[in-house]
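Close look at the chain arrangement
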Protein chains: 2
Amino acid sequence: MSLNGLFPIEKWLFSTRSVLNMLNEQDYTFLIGRQNIEKYKKGEIVFKEGMVPSGIYYIHSGKVKKYKKGPTEKEQIIYVANKGELIGYHALLAEERHQDSAAVLEESSISFIPKEDFLEVLQRSPQFAISLLKALSHEFTVFANNISAFSDASAVERLAIALIVFREKSKIGLIEGQQIVIDISRSDLAAIVGIAKENVIRLLKEFKSEGIITTQGRKIWIQDIEKLVKRSNRN
Amino acid sequence: MSLNGLFPIEKWLFSTRSVLNMLNEQDYTFLIGRQNIEKYKKGEIVFKEGMVPSGIYYIHSGKVKKYKKGPTEKEQIIYVANKGELIGYHALLAEERHQDSAAVLEESSISFIPKEDFLEVLQRSPQFAISLLKALSHEFTVFANNISAFSDASAVERLAIALIVFREKSKIGLIEGQQIVIDISRSDLAAIVGIAKENVIRLLKEFKSEGIITTQGRKIWIQDIEKLVKRSNRN
DNA sequence: CGAAAAAAATGATAAAAGTCATTATTTGAC
DNA sequence: GTCAAATAATGACTTTTATCATTTTTTTCG
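Here goes a summary of the coordinates provided. Here the structure is a predicted model, which is why all the values come from computation and not from measurement. (Residues numbered from 1 in each chain as written. Chains lettered and ligands numbered in written order. Predicted model: local features only at pLDDT ≥ 70, side-chain atom pairs only at ≥ 80, totals over all residues. Heavy atoms only, no water.)

**Let's talk about the overall build of chain A**
- From N to C terminus, chain A includes nine helices and 11 strands.
- Compactness check: chain A gives a C-alpha radius of gyration of 18 Å against a globular reference of 18 Å for 235 residues, within 12% of the reference.
- Considered along the principal axes of its C-alpha atoms, chain A spans approximately 55 × 40 × 30 Å.
- Going through the 235 residues of chain A one by one, you find that 57% of them count as buried.
- Only carbon and sulfur atoms are counted for the fraction: they give 49% of the accessible area of chain A, which is about 10300 Å².
- Both charge centroids of chain A, one from 33 positive and one from 29 negative side chains, sit 5 Å from each other. (Helix = DSSP H or I, 4+ residues; strand = E, 2+ residues; numbered from the N terminus. Rg over C-alpha atoms; globule rule 2.2 N^0.38 Å. Buried < 20%, exposed > 50% of the residue type's maximum accessible area, 1.4 Å probe, protein only. Areas by Shrake-Rupley, 256 points an atom, 1.4 Å probe, with all protein chains shown as cover. Lys, Arg positive; Asp, Glu negative; His and termini not counted. Charge placed at Lys NZ, Arg CZ, Asp CG, Glu CD.)

**Some thoughts on the pattern of salt bridges**
- If you walk through the whole model with that rule in mind, you get 30 salt bridges over all chains.
- Sharing partners across several salt bridges, the network here consists of A:Asp27, A:Glu120 and A:Arg124. (Salt bridge = Lys/Arg side-chain N within 4 Å of Asp/Glu carboxyl O.)

**Topic: the relation of the copies chain A and chain B**
- Mapping chain A onto chain B calls for a rotation angle of 180° and an axial translation of 0.0 Å; the resulting RMSD is 0.0 Å. One copy is carried onto the other by what is essentially a two-fold rotation axis. (Least-squares fit on C-alpha atoms with pLDDT ≥ 70 in both.)

**Quick word on the packing of aromatic side chains**
- Summed over the entire model, instances satisfying the criterion amount to 12 aromatic pairs over all chains.
- A connected cluster of aromatic rings, assembled from ring pairs, spans A:Phe140, A:Phe143, B:Phe140 and B:Phe143.
- Seen from the ring of A:Tyr67, A:Lys65 lies directly overhead, with NZ or CZ sitting 5.1 Å from the centre. (Phe/Tyr/Trp six-rings, centres within 6.5 Å; stacked < 30°, edge-to-face > 60°. Lys NZ or Arg CZ within 6 Å of the ring centre and 35° of its normal.)

**Observations concerning the protein's contact with DNA strand D**
- In the neighbourhood of DNA strand D, 18 residues make up the surrounding shell, with A:Lys205, B:Ala155, B:Ala196, B:Asn199 and B:Arg202 lying closest.
- Put simply, 65% of the atoms of DNA strand D that lie within 4 Å of the protein are in sugar or phosphate.
- Contact between DNA strand D and A:Lys208: a phosphate oxygen at 3.5 Å from a side-chain N or O atom of the residue.
- Measuring from a phosphate oxygen of DNA strand D, one finds a side-chain N or O atom of B:Asn199 at 2.5 Å.
- Within the residue set of the surface near DNA strand D, elements represented by two or more residues are helix H8 (197-209) of chain A together with helix H8 (197-209) of chain B.
- Of the residues in the surface near DNA strand D, the class split is four nonpolar, five polar and nine charged. (Near = heavy atom within 4 Å. Polar contact = N/O pair within 3.5 Å; in protein donor to acceptor, adjacent residues only side chain to side chain. Nonpolar A, V, L, I, M, F, W, Y, C, P; charged D, E, K, R; others polar.)

**Quick word on the interface of chain A and chain B**
- Listed per partner, the contact involves 42 residues of chain A and 42 residues of chain B.
- When chain A packs against chain B, the two sides together hide about 4000 Å² of surface, and 67% of this comes from carbon and sulfur.
- For the chain A face of the interface with chain B, the top three residues by lost area are A:Leu133, A:Phe140 and A:Ile147, together amounting to 18%.
- Where chain A packs against chain B, one counts two salt bridges. (Contact = heavy atoms within 4.5 Å. Buried area = accessible area lost by both parts, 1.4 Å probe.)

**Some thoughts on the protein's contact with DNA strand C**
- As a structural note, the neighbourhood of DNA strand C is formed by 18 residues, with A:Ala155, A:Ala196, A:Asn199, A:Arg202 and B:Lys205 the closest of them.
- When atoms of DNA strand C within 4 Å of the protein are sorted by moiety, sugar and phosphate together comprise 65%.
- In this structure, a base oxygen belonging to DNA strand C sits 2.9 Å away from a side-chain N or O atom of A:Arg202.
- At the level of elements, H8 of chain A together with H8 of chain B are the ones that each hand at least two residues to the surface near DNA strand C.
- With five residues, the top contributor of residues to the surface near DNA strand C is H8(B).
- Here the surface near DNA strand C is composed, by residue class, of four nonpolar, five polar and nine charged.

**Notes on the packing of helix H4 (residues 115-124) of chain B against helix H5 (residues 126-152) of chain B**
Residue and element names in this part refer to chain B.
- Between H4 and H5, the least distance of the axes is 5 Å, while the angle of their chain directions is 105°. Here H4 is positioned roughly perpendicular relative to H5, judged by the angle of their axes. Contacts between H4 and H5 involve Phe-118, Val-121, Leu-122 and Arg-124 from the first element and Pro-126, Phe-128, Ala-129 and Leu-132 from the second.
- Of the residues in the contact of H4 with H5, the class split is seven nonpolar, no polar and one charged. (Axes fitted to C-alpha atoms, helices over the stretch in contact; angles between N-to-C directions. Parallel < 35°, antiparallel > 145°, perpendicular 65-115°, else oblique.)

**Overview of unusual backbone geometry**
Residues and elements named next belong to chain A.
- We note that Glu-95 has phi near 55°; this positive angle belongs to a residue other than glycine.
- Secondary-structure assignment places Glu-95 in the loop between helix H3 (89-94) and strand E7 (101-104).
- Among the residues examined, Glu-95 registers a relative accessible area of 62% and is labelled exposed.

**Let's talk about the side chain of B:Asp117**
Residue and element names in this part refer to chain B.
- When you line up the elements, Asp-117 lands in helix H4.
- What makes Asp-117 buried here is its relative accessible area of 13%.
- Beyond its immediate stretch of four places on either side in the chain, Asp-117 contacts Phe-30, Leu-31 and Arg-34.

**Some remarks on helix H2 (residues 25-32) of chain B**
Residue and element names in this part refer to chain B.
- The set of residues buried in H2 consists of Asp-27, Leu-31 and Ile-32. Looking straight down H2, one finds that the buried residues subtend no more than 100° of arc, so they occupy a single side. Seen from the buried face of H2, the exposed residues on the opposite side, beyond 90 degrees, are Glu-25 and Gln-26.
- Turning to H2, the residues buried within the fold contact helix H1 (17-21), strand E3 (55-61), strand E8 (108-114) and H4. (Arc of directions from axis to C-beta.)

**Re the sheet that holds strand E10 (residues 213-216) of chain B**
Residues and elements named next belong to chain B.
- The strand order across the open sheet formed by three strands is E9-E11-E10, and the pairing between neighbours is antiparallel. Single-partner strands in this sheet number two, and they are strand E9 (182-183) and E10.
- Bridge count for E9 against strand E11 (residues 219-222) is two bridges, and the pairing is antiparallel. Within E11, the residue paired with Ile-182 across the bridge is Ile-220. (Pairing = 2+ DSSP bridges.)

**Focus on the side chain of B:Asp27**
Residue and element names in this part refer to chain B.
- As for its placement among the helices and strands, Asp-27 is situated in helix H2.
- Owing to a relative accessible area of 5%, Asp-27 belongs among the buried residues under this scheme.
- If we skip the residues at most four places from it in the chain, Asp-27 touches Val-121 and Arg-124.

Right, here's the structure in full:
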């Protein structure tokens, strides 16, 4: 079941994956081929807002949330990074402290790339810089969409979008034909959508009664993607 | 009256200004020194969502809003670009269509930089690319803050932030000691804050009664920045 | 300057989403 | 497998913000 023509998924997804693929084998190996992979358990923190960045991170497997806490301590998830993506490069490139925090959503393998190594490759490969520029610029599409959706879309619509996007992200690494399962806590889902946890639960219940999803514990299966797209109002 | 120590203004502002300043004189003149400046009247559109970018724009004077319209036609302003800034480069660098629209908020002088010229300078100056990377990365700080504020801050708080930030932007080009005036329509202010126009008016009335601002027509003068900062809850 | 148009302001009402208190279910560790 | 802790679910109620209809003020332009 594809989203082609159904939903503009490309406006809601991006990936730093392609950036690395343009590196030659030597540089690629230099950056992420080394065996400094670390395992993170669910909920563990990769970096925290305010920290001075000493390098960037590459996600070998798992999912990492980037989030911010406001004065009221309410957490807002800015982005969920996936297997194959880089995180932590914004602060490094901007030469400032981390402006958001990162924590893993599920057991993940992540390797650390020291600042010096990253900047070295950046200096010696102008094409890498341009490729990064392209990736960063595309990120804006997604962010602009998000900001726009916050004022234009209702809670249900944003939840529908979040489910569609998260499902897409959960496809990665799956075998063709395998059931896609969305495995995320109600709190995290609420923090992505920007609404209260209780509302997420109530709206999911609505989706269940409409036959759009089924759930079991925290797990969610999307049964009728077309109806969900309709509920998102972005088609 | 400075914001130093009062309010983290740097988290809400960025500028592509510095990017151009790192260019050598020759490249600088090549890009924006030429006499293809065009005047735009209030409300005129610079580019529209969906257009294929053929170049980028440099704002010699004036203010330009970047915005998106959602399915309900509600406009959300993503960013207000100022004198000295570049716009339209995201789509160009990402090699995609414009994902937002741009229109001038007040009479502006803008020059067009053809795609080829911009990319040429980018290719021949690796430092320019890295400088752009830095600028783009910093933009994320601002965007992330925005997204976080949307879920964490109330309407009044966001309005207070918007006024503080817009006031700061209106300082540019002013003579020291000159009164800062915020000159923006209630609709545009509402589109920045992401709330209904009527609410902007009601909240401004509240600010007036608290002695924080005075107004005359569309014009707003901030009389007590400290109280306003307090209302923003970000200090 | 004065009329028409645009924008700001106001008031009443409706809708959406948040909060709090509590119960039910699931998950994870021993 | 059982129990404790964590998380999901529910219901009543409050708060916030949007919407709509209308009046007043400001701006624009001949």
